[in-house]
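Take a look at the letters that make up each chain.
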Amino acid sequence: TLSLQTLFRSLIAFLAAHPGAVQIKVATPAPSFVPEVADLISSYSSRGPNTDYSIKPDVVAPGDVYAATQTVNSSTTSSYDPSHFNYGAGTSYATPQVAAGAAILKQQRPTLTAHDIKSALVNTAAPISSTQDGAPAGVMQTGAGRLNLLAALNTTLTADPVSLSFGLITGASNNLSKNLSVTLKGVGAQTESFNVSVSPLISDPNVHVTTSVNSIATGPGQTAVVQLNLTTSGTVSGVFEGFVKVVSQSGSTSLRIPYWMMFGTPSIPAGSLVDAAAFSPAVAPGGIASLFGTNL
């Protein structure tokens, strides 16, 4: 049995002693598609929270696309293909899809305000539950979910704001009481009734998230305010999140309004900043680092 090092040395010695005796041919493979699983958060997708601990992103959209491309300038490798089509991936592809969705909404429903259009795009989004590597995806990875333009076009209700964040809660977490409000607006053609409920993604027996009402009714242009109440009955730490769901009793409208909170001050012990590959304390400018701690 040869060690890998000995094997390479033997190969190098053989090639030196027999020039031209060994030839290697690398065939160019035919282009083919790698199967993709839909509705998974990509590794390059931006994560939240925002600097004020508000929920970001608001919504996600497909970022892996096969689309028309130019065939004039072959020197640009990223956007040239003789077949007239090419594959690309990135948030640069997802963002214009959301912008186009806003344009279509404005065209088809010109009476909607800017806040209405934002909510229609965000709060009617389809649920996303995991990342490409199989990890659970929360509201700071998905916002309200994946853009669903048909649902946005047909919604009869909008929300302002589109998400609710209690932010970073430091200090004592026992017997806490906080609340946030969201204004729901009827944008349909007639009065409609909706059921209101809370659907947690991460919960704890000591964390209680409830709404002030279980149902509302709105007519065209009418509004109703729903309060999201947070109370605690014990000491808690970490992230808790989920959705306020508002579902029509008679139609197809279904809104999901993300909520989020985090208890506890981040703790970073000495020596917790390390090289991301070897986990050694030697961190150099330009390198990739990992930061370990609690309540991050």
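Residues numbered from 1 in each chain as written. Predicted model: local features only at pLDDT ≥ 70, side-chain atom pairs only at ≥ 80, totals over all residues. Heavy atoms only, no water.

1. Remarks on the overall build of the chain
We count it as follows: The secondary structure listing takes helices from DSSP runs of H or I that are at least 4 residues long and strands from runs of E that are at least 2 residues long, numbered from the N terminus. Every radius of gyration here is taken over C-alpha atoms, with the globule rule written as 2.2 Å times N^0.38, N being the number of residues. Exposure categories follow from relative accessible area, calculated using a 1.4 Å probe and restricted to protein chains: below 20% of the type maximum is buried, above 50% is exposed, and the middle band is partly exposed.
Looking only at helices and strands, the chain has 5 helices and 13 strands in total. Its C-alpha atoms give the chain a radius of gyration of 26 Å, more than 25% over the compact-globule value 19 Å for 296 residues. If one aligns the C-alpha atoms of the chain with their principal axes, the spans along those axes are about 90 × 55 × 35 Å. Per-residue burial over the chain gives 34% buried out of 296 residues.

2. Section: the sheet that holds strand β6 (residues 192–202)
Convention followed: Being paired, for any two strands, means DSSP has found at least two bridges between them. What counts as an axis is a line fitted to C-alpha atoms, over the stretch in contact for a helix, and the angles between N-to-C directions run from 0 to 180 degrees.
In space, the 5 strands of this open sheet follow the order β4-β11-β10-β6-β8, with mixed pairing throughout. Of all strands in the sheet, those with a lone pairing partner are β4 (164–169) and β8 (215–218), marking the two edges. Averaged over all pairs of adjacent strands, the angle between their axes in this sheet comes to 20°, without regard to strand direction. In this sheet, β8 lies alongside β6 in antiparallel orientation, the contact comprising 4 bridges. What sits directly across from S193, in β8, is A217.

3. Observations regarding the layout of surface pockets
Stated precisely, the cut-off is as follows: A 1.4 Å probe that fits but cannot get out identifies a cavity on a 1 Å grid over protein atoms alone, an open set with protein on both sides within 12 Å along at least five of seven lines counts as a pocket, and a residue lines either if it has an atom within 4 Å of a point. Grid points are joined across faces, edges and corners, and a volume is the space filled by probe spheres set on the points. Note on residue classes: Ala, Val, Leu, Ile, Met, Phe, Trp, Tyr, Cys and Pro are nonpolar, Asp, Glu, Lys and Arg are charged, and everything else, Gly too, is polar.
Its volume calculated, the largest pocket comes out at about 630 Å³. The wall of the largest pocket is formed by 26 residues, among which V60, A61, P62, G63 and A94 lie closest to the centre. Sorting elements by how many residues they give to the lining of the largest pocket places helix α2 (residues 91–108) first, with 4 residues. Taken together, the residues of the lining of the largest pocket sort by class into 13 nonpolar, 8 polar and 5 charged. When its volume is computed, the second largest pocket comes out at roughly 460 Å³. In terms of lining, the second largest pocket is formed by 28 residues, of which the most central are G138, V139, M140, Q141 and E241. Among the secondary structure elements, those contributing two or more residues to the lining of the second largest pocket are α4 (139–142), β6, β10 (238–248) and β11 (254–263). Considering each element in turn, the lining of the second largest pocket owes the most residues, 4 residues, to α4. Its residues assigned to classes, the lining of the second largest pocket comprises 18 nonpolar, 7 polar and 3 charged.

4. With respect to a nonpolar patch on the surface
The criterion, for reference: Surface patches are drawn from residues lacking salt bridges whose relative accessible area is over 30%; two like charges belong together within 9 Å, two nonpolar side chains (Val, Leu, Ile, Met, Phe, Trp, Tyr) within 5 Å. What sets the accessible areas is the Shrake-Rupley method with a 1.4 Å probe; for residues, cover comes only from the shown protein chains. Any Lys or Arg side-chain nitrogen found within 4 Å of a carboxyl oxygen on Asp or Glu counts as a salt bridge.
Judged by side-chain polarity, F14, L15, V22, I24 and V26 come together as a nonpolar surface patch covering roughly 530 Å² of accessible area. With respect to the helices and strands, F14 occurs in helix α1 (residues 4–17). Its relative accessible area of 39% is what places F14 among the partly exposed residues.

5. Some words on the nonpolar core
What counts is decided by this rule: Among buried residues, the Ala, Val, Leu, Ile, Met, Phe, Trp, Tyr and Cys ones that are joined through side-chain atoms within 4.5 Å form a nonpolar core. What makes two residues a contact is simply this: any of their non-hydrogen atoms within 4.5 Å.
Formed by 26 residues in total, the largest nonpolar core has its most connected members in L184, V246, M261 and F263. Looking at this core, the elements that each hand over two or more residues are β3 (157–160), β4, β5 (177–186), β6, β7 (207–211), β9 (223–232), β10 and β11. The biggest single contributor to this core is β11, with 5 residues. Residues in contact with L184, not counting those within four places in the same chain, are L157, T158, A159, I216, T218, Q222, T223, A224, V226, V246 and I257. If you look at the next biggest cluster of nonpolar residues, it comprises 10 residues, including L112, L147, A152 and V187.

6. Observations concerning the pattern of salt bridges
Evaluated as defined, the whole model comprises 4 salt bridges. Among the ionic pairs, D39 bridges to R146, the shortest N-O distance being 3.0 Å. Placement of the pair is D39 in the loop between α1 and β1 (64–68) and R146 in the loop between α4 and α5 (149–154), with a sequence separation of 107 residues. Residue classification places R146 among the partly exposed positions, given a relative accessible area of 24%. Two residues, K56 and D58, come together in a salt bridge whose shortest N-O distance is 2.8 Å. Exposure remark for D58: the relative accessible area of 18% places this residue in the buried category. Look at the salt bridges and you will find they share partners, linking K56, D58 and K118 into a network.

7. So, the sheet that holds β9
The 4 strands are arranged β3-β5-β9-β7 in an open sheet whose pairing can be described as antiparallel. Two strands lie at the open edges of the sheet, namely β3 and β7, each paired on one side alone. Looking at each pair of strands side by side, their axes are set apart by 25° on average, direction ignored. In this sheet, β9 lies alongside β7 in antiparallel orientation, the contact comprising 5 bridges. Among the inter-strand pairings, T210 is bridged to a residue of β9, identified as N229. Each of β3 and β5 touches helix α3 (residues 114–123); the most contacted strand, β3, lies at about 105° to it.

By themselves, these figures tell us nothing about what the structure is for.
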